[in-house]
Amino acid sequence: DAKTTQPPSMDCAEGRAANLPCNHSTISGNEYVYWYRQIHSQGPQYIIHGLKNNETNEMASLIITEDRKSSTLILPHATLRDTAVYYCIVYKPTDSWGKLQFGAGTQVVVTP
Amino acid sequence: EAGVAQSPRYKIIEKRQSVAFWCNPISGHATLYWYQQILGQGPKLLIQFQNNGVVDDSQLPKDRFSAERLKGVDSTLKIQPAKLEDSAVYLCASRRGVMADTQYFGPGTRLTVL
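A.B. asks: Help me understand the overall build of chain A, please; the structure alone is not making it clear to me.
C.D. replies: Along chain A, the regular secondary structure elements total zero helices and nine strands. Taking 112 residues into account, the globule formula puts the C-alpha radius of gyration at 13 Å, and chain A, at 13 Å, falls close to it. Seen along its three principal axes, the alpha-carbon backbone of chain A occupies a region of about 40 × 30 × 25 Å. Sorting the 112 residues of chain A into buried and exposed places 45% on the buried side. Expressed as a percentage of contacts within chain A between residues at least 6 apart in sequence, the contacts between residues at least 24 apart total 55%. Considering chain A, the positive charge centre built from 9 side chains and the negative charge centre built from 10 side chains are found 4 Å apart.

Here it is in structure tokens:
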């Protein structure tokens, strides 16, 4: 079973920041928070991951709370191409041969 | 670099028929995964290989599903015989090795069983 809780859906206006929450209250000290997204008819795509510190790359920012029980993925300027299902996954790459356990994710719809 | 390749992209078969899917991972990636994604759900792991050896097939319905990765490169997933509930997208993913951070996914094969 997935170790994370995400809202099933959310809408965002084009050009605005999209803030996607994720709860992972049972995360252990050596587990990372990973985010993937899946655009319609495509395979999942890696976005970003973090352990304790906030992370930023060209796609998004990841904010992890100090107690690590929740996190927020931020898409700074959402575009129509960001419409996708976003998965938050708690994961340790060296455990279980790196098996990813996906939940249902959050369906994000970016509107003009 | 080239991504994970899968074929065919779409397949429609009758129940009780057989079907096979092919995956070519990113060059040099030792670990290969097959996931099943039913409509409206997240992907679920079926089997994973490290080089040409199976390291986890606990979720694979072995009475009808089989998979192989003979030379540690490309892989084939087979269903024989297919059932209606096998209708899903079958995703292949790979990563460089056991310490690598990221899995890369192919576009998937959409299977419809009638």
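A.B. asks: What is the right way to look at the state of the cysteines in this model?
C.D. replies: Per the counting criterion, the structure on display carries two disulfides over all chains. There is a disulfide in this structure between Cys-22 of chain A and Cys-88 of chain A, and the S-S distance comes to 2.1 Å. Judged by the sign of its S-S torsion, about -85°, the bond between Cys-22 of chain A and Cys-88 of chain A is left-handed. Separated by 66 residues along the polypeptide, Cys-22 of chain A in strand S2 (residues 18–23) and Cys-88 of chain A in strand S8 (residues 84–91) bring together distant segments of the chain. Assigned by exposure class, Cys-22 of chain A and Cys-88 of chain A land together as buried. Shown here is the disulfide that connects Cys-23 of chain B with Cys-92 of chain B, its sulfur atoms set 1.9 Å apart. Where Cys-23 of chain B bonds to Cys-92 of chain B through sulfur, the torsion about that S-S bond is close to -70°, and the disulfide is left-handed.

Definitions and cut-offs
- Residues numbered from 1 in each chain as written.
- Chains lettered and ligands numbered in written order.
- Predicted model: local features only at pLDDT ≥ 70, side-chain atom pairs only at ≥ 80, totals over all residues.
- Heavy atoms only, no water.
- Helix = DSSP H or I, 4+ residues; strand = E, 2+ residues; numbered from the N terminus.
- Rg over C-alpha atoms; globule rule 2.2 N^0.38 Å.
- Buried < 20%, exposed > 50% of the residue type's maximum accessible area, 1.4 Å probe, protein only.
- Contact = heavy atoms within 4.5 Å.
- Lys, Arg positive; Asp, Glu negative; His and termini not counted.
- Charge placed at Lys NZ, Arg CZ, Asp CG, Glu CD.
- Disulfide = S-S within 2.5 Å.

None of this, on its own, says anything about what the molecule does.
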